[in-house]
Amino acid sequence: MELSFNAYSQIFIWLGFLFLVYLFRVFYKLAKKQKGVALAAGLFLQMFLPDPKVQHTIEFIAEKKETSGKAQSDKRSKTEGD
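Conventions used here
Residues numbered from 1 in each chain as written. Predicted model: local features only at pLDDT ≥ 70, side-chain atom pairs only at ≥ 80, totals over all residues. Heavy atoms only, no water. pLDDT = per-residue confidence, 0-100. Helix = DSSP H or I, 4+ residues; strand = E, 2+ residues; numbered from the N terminus. Patch = residues over 30% accessible without salt bridge, like charges linked within 9 Å, V, L, I, M, F, W, Y side chains within 5 Å. Areas by Shrake-Rupley, 256 points an atom, 1.4 Å probe, with all protein chains shown as cover. Salt bridge = Lys/Arg side-chain N within 4 Å of Asp/Glu carboxyl O. Buried < 20%, exposed > 50% of the residue type's maximum accessible area, 1.4 Å probe, protein only. Axes fitted to C-alpha atoms, helices over the stretch in contact; angles between N-to-C directions. Parallel < 35°, antiparallel > 145°, perpendicular 65-115°, else oblique. Contact = heavy atoms within 4.5 Å. Nonpolar A, V, L, I, M, F, W, Y, C, P; charged D, E, K, R; others polar. Phe/Tyr/Trp six-rings, centres within 6.5 Å; stacked < 30°, edge-to-face > 60°.

**A look at the confidence of the model for the protein**
For step 1, the next point in the chain: Here the protein shows a mean pLDDT of 82. Residues at 70 or above account for 84%.
For step 2, the next point in the chain: In the model of the protein, helix α3 (residues 54–81) stands out as the element of lowest mean pLDDT, 75, in contrast to helix α1 (residues 5–32), which has the highest, 91.

**A short note on a nonpolar patch on the surface**
For step 1, the next point in the chain: Residues Leu 3, Tyr 8, Ile 11, Phe 12, Trp 14, Leu 15, Phe 17, Leu 18 and Val 21 make up a contiguous nonpolar surface patch of roughly 950 Å² in combined accessible area.
For step 2, the next point in the chain: Within the secondary structure, Tyr 8 is located in helix α1.
For step 3, the next point in the chain: Relative accessible area serves as the criterion here: at 42%, Tyr 8 is assigned to the partly exposed category.

**Examining unusual backbone geometry**
What you tend to see is this: most non-glycine residues have negative phi, and most peptide bonds are trans.
For step 1, the next point in the chain: Its identity as a non-glycine residue notwithstanding, Gln 34 has a phi of 55°, on the positive side.
For step 2, the next point in the chain: Here Gln 34 shows up in the loop between α1 and α2 (36–48).
For step 3, the next point in the chain: Of the residues examined, Gln 34 reaches a relative accessible area of 73% and is grouped as exposed.

**As for the packing of α1 against α2**
For step 1, the next point in the chain: Orientation of α1 relative to α2, taken along the N-to-C sense of each, is 130°, at an axis distance of 8 Å. If you check the angle between α1 and α2, you find them oblique. Contacts between α1 and α2 involve Phe 24, Phe 27, Leu 30 and Ala 31 on the former and, on the latter, Val 37, Ala 38, Ala 41 and Leu 45.
For step 2, the next point in the chain: Each residue belonging to the contact of α1 with α2 can be placed in one class, and the counts come to 8 nonpolar, no polar and no charged.

**A look at the packing of aromatic side chains**
For step 1, the next point in the chain: Counted according to the given criterion, the structure contains 2 aromatic pairs.
For step 2, the next point in the chain: Relative to Phe 17, the ring of Trp 14 lies with its centre 5.8 Å away and its plane at 90°, an arrangement referred to as edge-to-face. Residue Trp 14 and its partner Phe 17 are located together in helix α1, separated by 3 residues, close to a single helical turn.
For step 3, the next point in the chain: Assessed through its relative accessible area of 57%, Trp 14 is described here as exposed.
For step 4, the next point in the chain: Judged by its relative accessible area of 47%, Phe 17 is partly exposed.
For step 5, the next point in the chain: For the ring pair Phe 44 and Phe 48, a centre distance of 5.0 Å and an interplane angle of 70° mean the geometry is edge-to-face. A residue pair is termed a helical-turn pair when its members lie 3 or 4 positions apart in one helix, as Phe 44 and Phe 48 do in helix α2 at 4 residues.
For step 6, the next point in the chain: Using a relative accessible area of 47% as the deciding quantity, one classes Phe 44 as partly exposed.

So this is what it looks like as structure tokens:
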């Protein structure tokens, strides 16, 4: 009995998925123990899987810093005025 290409491809897809689940489970356990290898693996994955909305994220952070900077300067001027 010979398996078709379609059957082999489905088997390989499921094996790949199960391997990724196992790999992420190992990384999760290492991260809970605060091991450096989990951080290194996370940084390595981030290098190849970047944030697709990186420009939006940068703008959001810059805007938040700007508004928090204004709020702090307002608080300083109010306390200095008293």
